Amino acid sequence: MRSVMTIIAACLMLFIACTPDSQLAGNSSETINGIIIASGNSEIAGKTRAFATVHVFSKEYWPHIEIDSQKHSDFIYVNSQQTGISGTFSFTDLRSGSYNLIVSDSLKSEYCYISELKVLSDTTIRYVSDSLFKSGSIRGTVQKNLIIDNTAVIDNTAVIDNTAVIFIPGTPYYVEMNADGTFLIENVPRGTFSLYLDYVAVPGNKPHSTSEPNKLIEKLAIIEVQSDTVSIYNQSKSQDGQD
């Protein structure tokens, strides 16, 4: 009988040790793919690999524009923390909204990307995982004589000027397009991303100096990135199947 009680006690201690703190405190919680959502302060917190860098971006953040100049949204958030030997991190006092989380280990060139974490009022999103993966890259070509279906453009022979930028909202990833329309974004975590083009459309039938340029943002494609792989952006296919 004593041995049976000993086994029961040991199992009870094991259950307590493996139960998240939020559950022990009496709060309701849900765990999905290493993400624990529980009642508490509005924060994103958790534990990952030791001495990694954790980045949090609001979904509306555009990486190629200074934060003070981003007028497309009334709320832009970007922050980062370095984990210590414990691997813990915490971003507190967050406003309700959607955030992206990127964990990076620069020494091993490994990353993890978690998209669209929904932060509500008085909610804690707790990420618990030390699984990071090798990055990939995105390569493509944008046709500079794009036919633009937008009434703001004076005519449909507009061309893209040489200041165009390819970027992924809610992340730090962007690159200036080359003069021939090619681009390469490197060190992108594996995951699914929306690729955007920020450019000035110059009417093709008038000199640039006498024309009013049109600053435009265009969604190019939704593209999947795998570890140690170059993902190719194909403009013709993306336009046919976009949204």
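Up top is the structure.
Residues numbered from 1 in each chain as written. Predicted model: local features only at pLDDT ≥ 70, side-chain atom pairs only at ≥ 80, totals over all residues. Heavy atoms only, no water.

A.B. asks: What's the story with the pattern of salt bridges in this structure? I'm lost.
C.D. replies: Side chains bearing opposite charge may pair, as long as their charged atoms lie close to each other. The tally for this structure, following the rule as stated, stands at five salt bridges. A salt bridge links E116 to K59, with the shortest nitrogen-to-oxygen separation between them at 3.3 Å. Residue E116 is found in strand β8 (residues 110-119), and its partner K59 is found in the loop between β4 (53-58) and β5 (78-82); the two are separated by 57 residues along the sequence. D74 serves as the salt-bridge partner of R95, at 3.3 Å between the closest nitrogen and oxygen. Within this pair, whereas R95 is found in the loop between β6 (88-91) and β7 (97-105), its partner D74 is found in the loop between β4 and β5, the two being separated by 21 residues in sequence. (Salt bridge = Lys/Arg side-chain N within 4 Å of Asp/Glu carboxyl O. Helix = DSSP H or I, 4+ residues; strand = E, 2+ residues; numbered from the N terminus.)

A.B. asks: Can you walk me through the nonpolar core in this structure?
C.D. replies: Across soluble globular proteins, nonpolar side chains have a tendency to be buried as a group. Counting residues in hydrophobic clusters, the biggest one holds 26 residues, and the most contacted among them are I138, V142, I166, F183, I185, L195 and Y233. Within the residue set of this core, elements represented by two or more residues are β8, β15 (182-188), β16 (191-202) and β17 (214-225). Tallying contributions element by element places β17 first for this core, with five residues. In this structure, I185 is in contact with S137, I138, I166, Y173, V175 and L195, ignoring residues within four places of it in sequence. Ranked by size, the runner-up nonpolar core spans 19 residues in total, among them F75, Y99, V103 and V119. (Core = buried A, V, L, I, M, F, W, Y, C linked by side-chain atoms within 4.5 Å. Buried < 20%, exposed > 50% of the residue type's maximum accessible area, 1.4 Å probe, protein only. Contact = heavy atoms within 4.5 Å.)

A.B. asks: Hey, could you run me through the packing of aromatic side chains in this one?
C.D. replies: The full count for this structure, using the stated rule, is nine aromatic pairs. Here F75 and Y77 contribute two aromatic rings whose centre-to-centre distance is 6.4 Å and whose plane-to-plane angle is 25°, an arrangement assigned as stacked. Accessibility assignment for this pair places F75 and Y77 in one class, buried. Cluster of aromatic residues (ring-pair linked, three or more members): W62, F167 and Y196. Note that R190 overlies the ring of F133, its terminal NZ or CZ placed 3.5 Å from the centroid. (Phe/Tyr/Trp six-rings, centres within 6.5 Å; stacked < 30°, edge-to-face > 60°. Lys NZ or Arg CZ within 6 Å of the ring centre and 35° of its normal.)

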